[in-house]
Amino acid sequence: MTVVYLVRHGETTLNTEGRLQGGTIDAPLTAKGESQVEAIASLLARELAGRGSPIRLQSSPLGRALATARIIAARVPTTPTAIDERLREIDFGRWTGLTFAEIEQTDAALWVARQLDPWHIRSPGGESYSDVSQRACDWLAAQTSDVIAVAHGVFGRVLRGTVLGLNGGAIRKLSEHHTDIVVIEAGTVQVLSA
């Protein structure tokens, strides 16, 4: 039975500014973000202690995820990091790099509509939760052995919510902490906190 250990990247400088990074721009991890990943790596090392062989490690292609994967690989016996485009963050289109307040000023009606129905409503030039769910489920179905996957906040919420059978509104309410590991196994979801 395949076990997925889904990890969100550590805090970035754009996270601290409240800006949407999405799948097209990047920012470095903060010192706090690096500490968060160290805590995650320690928890993974404990969870995987005694494992006979290295676990596979996959990452989104974005720099913040790759930096997180490097920290994990330094503490946990893993295979070399494989990049998978399906793990990238949701594309926010023209909202990328903006704060919620800036989006409300420029696209108020669409912003409200998206808050009410993130499953179907796309940001301008971006993705909906349904779009992310399709690629996340495609990625999950392709997993044939245990894996640590380094991804992003919205991606993790959508994948977890889809596995749990939640709707878009309920998925929006799921946490996306930088210090959580979402363990997916046989259609069940468990959250471990570092």
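The sections below set out a description of the structure shown in this document. (Residues numbered from 1 in each chain as written. Predicted model: local features only at pLDDT ≥ 70, side-chain atom pairs only at ≥ 80, totals over all residues. Heavy atoms only, no water.)

A separate point is the overall build of the protein. The secondary structure content of the protein amounts to eight helices and six strands. Going from the N terminus to the C terminus, the protein shows its helices and strands as β-α-α-β-α-β-α-α-α-β-α-α-β-β. Against the compact-globule benchmark of 16 Å for 194 residues, the protein has a radius of gyration of 16 Å, which places it among compact chains. Taken over the C-alpha atoms alone, the protein extends approximately 55 × 35 × 25 Å along its principal axes. Of the accessible surface of the protein, which amounts to about 8600 Å², a share of 53% is contributed by carbon and sulfur atoms. Where the 19 positive side-chain charges of the protein centre and where its 21 negative ones centre are 2 Å apart. (Helix = DSSP H or I, 4+ residues; strand = E, 2+ residues; numbered from the N terminus. Rg over C-alpha atoms; globule rule 2.2 N^0.38 Å. Areas by Shrake-Rupley, 256 points an atom, 1.4 Å probe, with all protein chains shown as cover. Lys, Arg positive; Asp, Glu negative; His and termini not counted. Charge placed at Lys NZ, Arg CZ, Asp CG, Glu CD.)

In this section: the layout of surface pockets. Approximately 410 Å³ is the volume found for the largest pocket. Forming the boundary of the largest pocket are 22 residues, of which Leu20, Phe92, Phe100, Val154 and Glu176 lie nearest the centre. Per-class residue counts for the lining of the largest pocket are seven nonpolar, seven polar and eight charged. (1 Å grid on protein atoms, 1.4 Å probe; cavity = no way out; pocket = protein on both sides within 12 Å on 5 of 7 lines; lining within 4 Å. Points joined across faces, edges and corners; volume = space filled by probe spheres on them. Nonpolar A, V, L, I, M, F, W, Y, C, P; charged D, E, K, R; others polar.)

A regular strand places its side chains on the two faces of the sheet in alternate fashion. The pairing of strand β2 (residues 56-59) with strand β4 (residues 147-151) spans four bridges and is classified as parallel. By the bridge assignment for β4, Gln58 is matched with Ala149. For β2 and strand β3 (residues 82-83), the ladder comprises two bridges, and the chain directions are parallel. Each bridged residue has a counterpart across the sheet, and for Gln58 the counterpart in β3 is Ala82. Following the backbone out of β2, through helix α3 (residues 63-75) and into the adjacent parallel β3, one traces a crossover that is right-handed. (Pairing = 2+ DSSP bridges. Right-handed = clockwise from strand over helix to strand, strands pointing away.)

Below, the discussion takes up the pairing of strand β6 (residues 188-193). When strand β5 (residues 180-185) meets β6, the two strands line up antiparallel, connected through six bridges. Each bridged residue has a counterpart across the sheet, and for Glu185 the counterpart in β6 is Thr188. The hairpin turn running from β5 into β6, its antiparallel successor, is two residues long, and Ala186 in that turn takes a positive phi close to 50°.

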